[in-house]
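Descriptive structure summary
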Amino acid sequence: TSVRQGSLPDEDATLALGAALAHAIAPGTVIYLWGDLGAGKTTLSRGLLTALGHHGRVKSPTYTLVESYPLASLTVHHFDLYRFADPEEWEDAGFRDYFGPDTLCLVEWPDKAEGLLPRADLVVELAVAGSGRSYRITAQTDIGQSCLTRLST
Ligand code: ADP
Ligand code: MG
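To keep things clear, this report deals only with the structure shown in the data block. (Residues numbered from 1 in each chain as written. Chains lettered and ligands numbered in written order. Predicted model: local features only at pLDDT ≥ 70, side-chain atom pairs only at ≥ 80, totals over all residues. Heavy atoms only, no water.)

Scanning all chains against the criterion turns up zero disulfides. Note on Cys105: no disulfide assigned, nearest cysteine sulfur contributed by Cys147 at a separation of 14 Å. (Disulfide = S-S within 2.5 Å.)

Right, here's the structure in full:
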């Protein structure tokens, strides 16, 4: 299966999906997080980071564009590109170097940096559904496919 979808009735379910992803990913994975403001992208990222051993807060890197978490197993870079507007900033900030075989990159609002970002291995789409959320995860590469397979077993 290259798609997995379901419902997330409450915040804990979003955190749990993030934790499940944490156990399924491999270093070098790029995950795009799609969804409107409030859809749960940062919540999912928090569940993932906590499961990888991060203690403490996960803030939305809305103004800094990226927040990095050097963890025991790998370094996670959490991007929020909502306010990203200047393509030159991509090079100036050295964002290209954040992507590589040893890091996990989570990217909120990837469409804001279209053409600059490396392609996604996994795309996670979140949407408001009643009082909860729905999700769909699509694998876009072999790495993403392996991850999705581990997620389902
Ligand atoms: P985004 O990063 O997509 O803008 P956030 O992760 O900041 O969204 O979440 C916005 C709000 O949605 C938070 O208050 C969070 O608790 C809530 N939330 C997250 N997942 C769910 C869910 N499955 N059901 C209901 N509320 C949720
Ligand atoms: Mg967010």
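On we go.
Here the focus is the sheet that holds strand S3 (residues 66-70). One open sheet accounts for seven strands, arranged S1-S7-S6-S2-S5-S4-S3; its pairing is mixed. Lying at the two open borders of the sheet, with one neighbouring strand each, are strand S1 (3-8) and S3. Along the sheet, successive strands turn relative to each other by an average axial angle of 15°, direction set aside. The pairing of S3 with strand S4 (residues 75-80) spans five bridges and is classified as antiparallel. Along S4, the bridge assignment pairs Glu67 with His78. The sheet strands contacting helix H1 (residues 11-24) are S1, strand S6 (122-129) and strand S7 (132-139), and the helix crosses S1 at an angle near 150°. Relative to the sheet, helix H2 (residues 41-51) contacts strand S2 (30-34), S3, S4, strand S5 (103-108) and S6, its axis offset from that of S5 by approximately 165°. (Pairing = 2+ DSSP bridges. Helix = DSSP H or I, 4+ residues; strand = E, 2+ residues; numbered from the N terminus. Axes fitted to C-alpha atoms, helices over the stretch in contact; angles between N-to-C directions. Contact = heavy atoms within 4.5 Å.)

The analysis is restricted to geometry; functional conclusions fall outside its scope.
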